[in-house]
Amino acid sequence: VLAQLRSDPDVVSHVRQADVVEIEVGANDVAYSGSCGTKADCYQPMIPAMRQNLAEIVARVRELTEGHPVLLVLLDYWSVWLGGQYAEAQGPAYVDAAETVTDQVNTAIKGTAAASGSAYVDLRAAFKGPDYAFDETHYLSNDGDHPNAAGHEQIAAAVVDVVTQTLRT
């Protein structure tokens, strides 16, 4: 994303003209790996680089839209790895590690949103409910990772809610 914001003329042009920019990045930066497995602490060193990359993306968007008011919206994750029943099928250690790493990624995203004056969308709450207790399987495609049509509708509704609330204040 950062490379595109720096060198792709179409991306740069579109961002310069945007009134709202959504950014949902970070999960691929802490992808599940066989070497780390379910040791959540093993993924911890990846978080600062992900946070820095996100901060640079936000800064580049701000630079491209300088002098033009733009609402920047950062989205977090329901799970950075498999979710719902797909995660449960991997066992309790996987579920626990996925939740821990997701917490770390989402904390970094939320902190970046706050530090940059960006809006923040809690997709974990959108998929799993306000206390993160619901099973989000019905929002996931067959790969257990990406959203299906219902999941995309849920994301859109969550973004619309945050954008609407932000514009009202």
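Quick look at the structure, then. (Residues numbered from 1 in each chain as written. Predicted model: local features only at pLDDT ≥ 70, side-chain atom pairs only at ≥ 80, totals over all residues. Heavy atoms only, no water.)

Following the criterion strictly, the structure yields 7 aromatic pairs and no others. A ring pair is formed by W78 and F127, whose centres lie 4.2 Å apart and whose planes are at 5°; its orientation type is stacked. Of this pair, W78 sits in the loop between β2 (71-75) and α5 (84-88) while F127 sits in helix α7 (residues 123-128), and the two are 49 residues apart along the sequence. Three or more aromatic residues joined by ring pairs form one cluster here, namely Y32, Y43, W81 and Y94. Positioned above the aromatic ring of Y132, the side-chain terminus of R124 is 5.0 Å from the ring centre. (Phe/Tyr/Trp six-rings, centres within 6.5 Å; stacked < 30°, edge-to-face > 60°. Helix = DSSP H or I, 4+ residues; strand = E, 2+ residues; numbered from the N terminus. Lys NZ or Arg CZ within 6 Å of the ring centre and 35° of its normal.)

Relative orientation of the contacting elements helix α4 (residues 46-64) and helix α6 (residues 92-116) amounts to 30°, with a least axis distance of 10 Å. Of the possible angle classes, the one that applies to α4 and α6 is roughly parallel. Crossing handedness for the pair α4 and α6: right-handed. Facing α4, whose interface residues are I47, M50, R51, L54, A55, V58 and R62, α6 presents Q104, V105, A108, I109, T112 and S116. Grouping the constituent residues of the contact of α4 with α6 by class yields 8 nonpolar, 3 polar and 2 charged. (Axes fitted to C-alpha atoms, helices over the stretch in contact; angles between N-to-C directions. Parallel < 35°, antiparallel > 145°, perpendicular 65-115°, else oblique. Left-handed = near helix turned anticlockwise from the far one by under 90°. Contact = heavy atoms within 4.5 Å. Nonpolar A, V, L, I, M, F, W, Y, C, P; charged D, E, K, R; others polar.)

Glancing now at the pattern of salt bridges. Applying the stated criterion across every chain yields a total of 4 salt bridges. E56 serves as the salt-bridge partner of R6, at 3.3 Å between the closest nitrogen and oxygen. Highlighted residues: R6 in helix α1 (residues 2-7) and E56 in helix α4, separated in sequence by 50 residues. The class for R6 is exposed, based on a relative accessible area of 53%. A salt bridge links E63 to R60; the shortest N-O distance between them is 2.6 Å. (Salt bridge = Lys/Arg side-chain N within 4 Å of Asp/Glu carboxyl O. Buried < 20%, exposed > 50% of the residue type's maximum accessible area, 1.4 Å probe, protein only.)

Right, let's talk about the packing of helix α2 (residues 9-17) against α4 for a bit. Here α2 crosses α4 at 70°, and the two axes come no closer than 8 Å. Taken together, the axis directions place α2 and α4 in an arrangement best described as roughly perpendicular. Both α2 and α4 take part in a crossing whose hand is right-handed. Between α2 and α4, the contacting residues are V12, V15 and R16 on the first element and R60, V61 and L64 on the second. For the contact of α2 with α4, a count of residues per class yields 4 nonpolar, no polar and 2 charged.

Attention now moves to the nonpolar core. Ranked by internal contacts, the top residues of the largest apolar core, which has 37 residues, are V21, I23, L74, V80, W81, V101 and V105. Counting residues per element, the ones that place at least two in this core are α1, α2, β1 (20-23), α3 (40-43), α4, β2 and α6. Counting residues per element, this core draws most heavily on α6, which supplies 9 residues. Those residues within four positions of L74 in sequence are excluded, and the remaining contacts are I23, L54, V58, I109, T112, A113, S118, A119, Y120 and V121. (Core = buried A, V, L, I, M, F, W, Y, C linked by side-chain atoms within 4.5 Å.)

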